[in-house]
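These are the residues of each chain, in order.
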Amino acid sequence: MTIKAKLLFILIGDNATGKTTIQKMLIEKITDKGWYEKLPCNLLCNIVHPEIKRKYKSISFANRSYQEKIEEYKSVEEYFENHFSDADIAFISTHLIVSHISQMIEYSRRWYYNVNAIFLSNSISANNSINSQISLLNWDERFIVENPITENWESQLNAIAENIVTLIVNRTSIS
């Protein structure tokens, strides 16, 4: 019998903060799907990473921020009921809208997830006040990822994805 915690990570930041590229890199590192030039929305994958698959079998990626698809999703409730891909581990992303994020936390918990914030430092630098308000929400954990805009942007995002993989690997032994 396996006891595990379902993990949901919410990538937080406005446009051009690295959220989608990080998801693409995670897919390449954790699944057998390879690299996507254009990442499909709400992609459900089997986990093939040798350490993670010991405990977790599936992972999903929302791709676009909720706000970029709001015309299709209509509401956070509608998103979780009809579009979200339930998995052992899930990644969704959002812009800096406190009311949406608060609802995302609530609906994620209804799906039995531990809900974790991934704050991006370039987003915090651009809008510390709203990121701080978001940090006050009822998260299970908060992570801050250092990702200033640099010439080595892709290399930096790859290192971030590697660190997230390591975080998940570490969770296979403690969750």
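Everything numeric here is computed off the predicted structure, so don't read it as measured data.

Visitor: Explain helix H4 (residues 98–110) to me, please; I cannot follow it from the model alone.
Guide: Three or four residues apart is the spacing at which side chains of an α-helix point the same way, because the helix has 3.6 residues per turn. Counted at 1.5 Å a residue, the expected span for H4 with its 13 residues is 18 Å, and the 19 Å between its end C-alpha atoms agrees. For H4, the set of buried residues is His100, Ile101, Met104, Ile105, Tyr107 and Ser108. Where H4 ends, the next residue or the one after it, Tyr112, has phi of about 70 degrees, a positive value.

Visitor: I'm lost on the pairing of strand E1 (residues 6–12) in this one. Help?
Guide: If a strand is regular, its side chains alternate between the two faces of the sheet. Counting buried positions over the 7 residues of E1 gives 7, a clear majority of the element. Two strands pair when backbone bridges link them, and E1 and strand E5 (residues 113–120) are joined in this way by 7 bridges, in the parallel orientation. The residue of E5 that forms the bridge with Phe9 is Asn116. With 6 bridges joining them, E1 and strand E4 (residues 89–94) adopt parallel strand pairing. Bridging from a neighbouring strand, Ile10 pairs with Ile92 of E4.

Visitor: Whenever I open this one, helix H6 (residues 128–135) confuses me. Can you help?
Guide: Turning to H6, its buried residues are Ile130, Asn131 and Ile134. The buried residues of H6 occupy an angular sector of 100 degrees when the element is viewed end-on, so they sit on one face. Those residues of H6 that are buried lie in contact with E1, H4, E5 and helix H5 (121–126).

Thresholds applied
- Residues numbered from 1 in each chain as written.
- Predicted model: local features only at pLDDT ≥ 70, side-chain atom pairs only at ≥ 80, totals over all residues.
- Heavy atoms only, no water.
- Helix = DSSP H or I, 4+ residues; strand = E, 2+ residues; numbered from the N terminus.
- Expected span 1.5 Å × (residues − 1).
- Buried < 20%, exposed > 50% of the residue type's maximum accessible area, 1.4 Å probe, protein only.
- Pairing = 2+ DSSP bridges.
- Arc of directions from axis to C-beta.
- Contact = heavy atoms within 4.5 Å.

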